[in-house]
Amino acid sequence: MNQVDYLRISLIDRCNFRCQYCMPEGTELDYIVKQQLLTDSELLTLIESVFIPVGFTRFRLTGGEPLLRPGVVELVGAIASLPETQDLSMTTNGFLLAPMAQSLYDAGLRRINISLDSLEPDIFDQIIGNRGRSRWQDVWNGIQAAYHVGFDPLKLNVVVIPGVNDTEVLDLAALTIEKQWHVRFIEFMPIGNGDLFGDRGWIASEQLRLDIRERWGLTESQVRGNGPADVFQIPGAKGTLGFISQMSECFCDRCNRMRLSADGWLRPCLLNESGQIDLKTALRTGITTRELREQVRELLAIKPEINFKGRDTGTEGIYTRTMSQIGG
Ligand code: SAM
Ligand code: SF4
């Protein structure tokens, strides 16, 4: 059985972008009210006294947009300084990153994933639902700042959207040639907004690899690593190319993660809503951390049965919440 030791922690469900595939404009999202968010102290208690004792050692801070969480730098510092934390990373849209990159690094964050779906400011703004001053340059500045501060690995996440940014795959892949950046192409998932791209659907990673291989050649760098990405490299490139193929290739049987929402729900599987535990209410009603450890251990034991295996069973995943709400 896979060791489940990786927790994706949503710090906040709100976001300063409205990506079409995540929280498109016009969708009604019930944001978590402040009183229902896990406080810093509750989150740290859960990490120290529940998750670490049951075996979690790797944490990723995400959202919504994690950099919108007040006190995020201090929170990073507190989690990074726990002796049991073997790995702490963050996924961000990068908009607020440039002025924060150095303090996040100084607080102990070393690994960062920044979403960058396009190198064309107009297309980028269209994807993130921005109608005001272009936000592309701010994100690009955030990427450059993270690079200069020394984040390593620095990963760029690209959700490939047919008819929108698929023509840029080669340009985005080319970023890895000169810089030790890791570009990861993610198949669009119909989470919470399945009809968004209608018949255009999603593009299989294998198709992207064919295009890249034809242009430069492609070698396998590391396949089936710890995470869900299959990793390749353009020969001679400094960085790598990752492909996250959750639509074309089920990787549920190697799932090593759980997700904690900003309001304290522990979720064993992204695409299956069963088994969730409301840790915040439990904490607030005086359930001891010892009892919570037992509940999480029981959940860990049944996770393999909960893991969505749509391709095996032919069933649909449950997509009632968007990635921003779940904590992508
Ligand atoms: N706001 C941050 C960001 O965009 O990087 C962190 C949260 S976001 C939910 C985490 C990742 O999920 C991003 O890389 C985003 O592109 C991806 N994502 C969101 N909705 C998705 C979907 N429907 N299919 C595939 N990836 C998605
Ligand atoms: Fe915000 Fe990230 Fe979702 Fe885009 S993908 S709307 S940046 S949470």
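Residues numbered from 1 in each chain as written. Chains lettered and ligands numbered in written order. Predicted model: local features only at pLDDT ≥ 70, side-chain atom pairs only at ≥ 80, totals over all residues. Heavy atoms only, no water.

For the protein, an unreviewed UniProt entry supplies the name GTP 3',8-cyclase and the organism Cyanomargarita calcarea GSE-NOS-MK-12-04C. Annotation of the protein in UniProt includes, under Pathway (unreviewed entry), the sentence "Cofactor biosynthesis; molybdopterin biosynthesis." (UniProt positions renumbered as here; feature names shortened; annotations may be inferred.)

Taken together, 18 residues surround ligand 1, and among them Tyr 21, Gly 64, Ser 115, Asn 157 and Met 189 come closest. Here Glu 65 contributes a side-chain N or O atom positioned 3.2 Å from a nitrogen atom of ligand 1. One nitrogen or oxygen atom from the main chain of Met 189 is found 2.7 Å from a nitrogen atom belonging to ligand 1. When ligand 1 sits alone it has 540 Å² of accessible area, and the protein chains cover 95% of it. (Near = heavy atom within 4 Å. Polar contact = N/O pair within 3.5 Å; in protein donor to acceptor, adjacent residues only side chain to side chain. Areas by Shrake-Rupley, 256 points an atom, 1.4 Å probe, with all protein chains shown as cover.)

Sequence positions flagged by UniProt for "binding site: GTP" (unreviewed entry) are, in local numbering, Arg 8, Arg 60, Thr 91, Lys 155, Arg 257, Met 258 and Arg 259. Relative to the assigned elements, Arg 60 resides in strand S2 (residues 58–62). Secondary-structure assignment places Thr 91 in strand S3 (residues 87–92). A polar atom in the side chain of Thr 91 sits 3.0 Å from the side chain of Arg 60. (Helix = DSSP H or I, 4+ residues; strand = E, 2+ residues; numbered from the N terminus.)

This paragraph deals with the packing of aromatic side chains. Tallied over the entire structure, the rule returns nine aromatic pairs. Judged by centre distance (5.4 Å) and plane angle (90°), the ring pair of Phe 51 and Phe 56 falls under edge-to-face. One exposure class covers both Phe 51 and Phe 56, and it is buried. On the basis of an interplanar angle of 85° and a centroid distance of 5.5 Å, the ring pair of Tyr 147 and Trp 181 is categorised as edge-to-face. Of this pair, Tyr 147 sits in helix H5 (residues 136–149) while Trp 181 sits in strand S6 (residues 181–187), and the two are 34 residues apart along the sequence. Residue class for Tyr 147 comes out partly exposed when judged on its relative accessible area of 31%. For Trp 181, a relative accessible area of 1% corresponds to the buried category. Linked through ring pairs, Trp 136, Trp 140, Tyr 147 and Trp 181 together constitute an aromatic cluster. For the cation-ring pair, Lys 179 lies above Trp 181, with the distance from its terminal atom to the ring centre recorded as 5.1 Å. Residue placement shows Arg 209 over the ring face of Phe 243; its charged tip is 5.0 Å from the ring centre. (Phe/Tyr/Trp six-rings, centres within 6.5 Å; stacked < 30°, edge-to-face > 60°. Buried < 20%, exposed > 50% of the residue type's maximum accessible area, 1.4 Å probe, protein only. Lys NZ or Arg CZ within 6 Å of the ring centre and 35° of its normal.)

What follows covers the UniProt feature "binding site: S-adenosyl-L-methionine" (unreviewed entry) in the protein. Mapped onto this numbering, the UniProt entry annotates "binding site: S-adenosyl-L-methionine" (unreviewed entry) at Tyr 21, Gly 64, Ser 115 and Met 189. One can find Gly 64 in the loop between S2 and helix H2 (72–80). Residue Gly 64 is classed as buried on the basis of its relative accessible area of 17%. Checked against the element boundaries, Met 189 lands in the loop between S6 and helix H7 (205–216).

Note on placement: Lys 179 falls in the loop between helix H6 (169–178) and S6. As for Lys 179 and Ala 237, which are separated by 58 residues in sequence, their C-alpha atoms are 7.9 Å apart. Contact partners of Lys 179, with chain neighbours within four places excluded, come to Tyr 147, Lys 238 and Gly 239. (Contact = heavy atoms within 4.5 Å.)

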